[in-house]
Amino acid sequence: MLNYFNIKMINIIDNKSVSKNEILKIMVSNMVENSDLISDKNIFYKEVLEREKVGTTGIGMGVAIPHARTEVVKDIVVSVALLKRPVDFDSLDGEKVKIVILVGAPKGESKKYLELLSSLAKIFRDKKIRESILESTTTECLIEAIAEIG
């Protein structure tokens, strides 16, 4: 699963008072800048927002896994952000989110896509992993914490 992670798409975002949509826009831009897997940034961003309208991707415990399958994504792509200030993602437990894992996938990748989402949800429910990520003060620490997921 770590093969989906690109260190250029693992970041700490120093959000002052940024909304969920603004965080997603920042993450989509980062994905487009650091990979060639997304052919249209605006369409991908709109697809992610449409998926958010279907139901919250805030899985609880301060974690959200927004995602979308779309024609403008060539292969599965993952971005991780640790937010300095929690953001409301309408999470199931009402808790604001500090860890965001954005996933994009091509329309035809249902099986791999669903397996990845399931694995991410399971991994980030692990308190030890979450704490390790939340304690990261630099991007390097964050990358190390994610590398330990193994």
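Residue positions within a chain follow its written sequence, with the count starting from 1. Note on the predicted model: pLDDT of at least 70 is required for a residue's local features to be given, and 80 or more for side-chain atom pairs to be given and counted; whole-chain, interface and lining totals, by contrast, use all residues. The basis for every side-chain value is the complete set of heavy atoms in the structure, and neither hydrogens nor water enter the calculation.

Caption draft 1: How the structure looks around the nonpolar core. Of all hydrophobic cores here, the largest spans 26 residues; its most connected members are Ile65, Val78, Ile101, Val103 and Phe124. A run of H or I in DSSP becomes a helix once it reaches four residues, and a run of E becomes a strand once it reaches two; helices and strands are each numbered from the N terminus. Contributions of two or more residues to this core are made by strand 1 (5–13), strand 5 (77–87), strand 6 (97–106), helix 3 (110–124) and helix 5 (139–147). No other element matches the seven residues that helix 3 contributes to this core. Sequence-distant contacts of Ile65, defined by excluding residues within four places in its chain, comprise Thr57, Ile59, Ile101, Val103, Leu117, Leu120 and Ala121. Joining through side-chain atoms within 4.5 Å is the link that ties buried Ala, Val, Leu, Ile, Met, Phe, Trp, Tyr and Cys residues into a set, and such a set is a nonpolar core. Residue exposure (1.4 Å probe, protein chains only): buried if accessible area is under 20% of the type maximum, exposed if over 50%, otherwise partly exposed. Met9, Ile23, Val48 and Val73 belong to the second-largest nonpolar core, a separate cluster that totals 24 residues. The criterion used for residue contact is that any of the two residues' heavy atoms lie within 4.5 Å.

Caption draft 2: Seen up close, the environment of Asn34. For Asn34, the location among the structural elements is in helix 1 (residues 20–34). We classify Asn34 as partly exposed; its relative accessible area is 24%. Each C-alpha atom of the pair Asn34 and Ser79 lies 10.0 Å from the other, and the pair is 45 residues apart in sequence. When neighbours within four sequence positions are excluded, Asn34 is seen to be in contact with Asn6, Lys8 and Met9.

Caption draft 3: Structural detail: the side chain of Lys20. Topologically, Lys20 is positioned in helix 1. Counted as a polar contact is a pair of N or O atoms within 3.5 Å, where, for protein atoms, one must be capable of donating a hydrogen and the other of accepting one, and residues adjacent in sequence contribute only when both atoms are in side chains. There is a polar contact of 3.1 Å between the side chain of Lys20 and the side chain of Glu52. In this structure Lys20 touches Glu52, Val87, Asp88, Phe89 and Asp90, once residues within four positions along its chain are discounted.

Caption draft 4: Fine view of the pairing of strand 5. Taken across its 11 residues, strand 5 has eight buried, putting it largely inside the fold. We treat two strands as partners when DSSP finds at least two bridges between them. Pairing geometry for strand 1 and strand 5, over five bridges, is parallel. Paired with Ile12 across the bridge in strand 5 is Leu82. Note: strand 5 against strand 6, seven bridges, orientation antiparallel. Within strand 6, the residue paired with Val78 across the bridge is Val103.

Caption draft 5: Focus on the environment of Asp88. Within the secondary structure layout, Asp88 lies in the loop between strand 5 and strand 6. Sequence separation between Asp88 and Thr56 is 32 residues, and the spatial gap between their C-alpha atoms is 11 Å. If near-sequence neighbours (up to four positions away) are discounted, Asp88 is found in contact with Lys20 and Lys96.

Caption draft 6: How the structure looks around unusual backbone geometry. The phi angle at Met61 is positive, at roughly 60°, despite the residue not being glycine. As for its position among the elements, Met61 is in the loop between strand 2 (58–60) and strand 3 (63–64). Given a relative accessible area of 28%, Met61 falls into the partly exposed group. One non-glycine residue, Asp90, adopts positive backbone phi at about 55°. One can find Asp90 in the loop between strand 5 and strand 6. We classify Asp90 as exposed; its relative accessible area is 51%.

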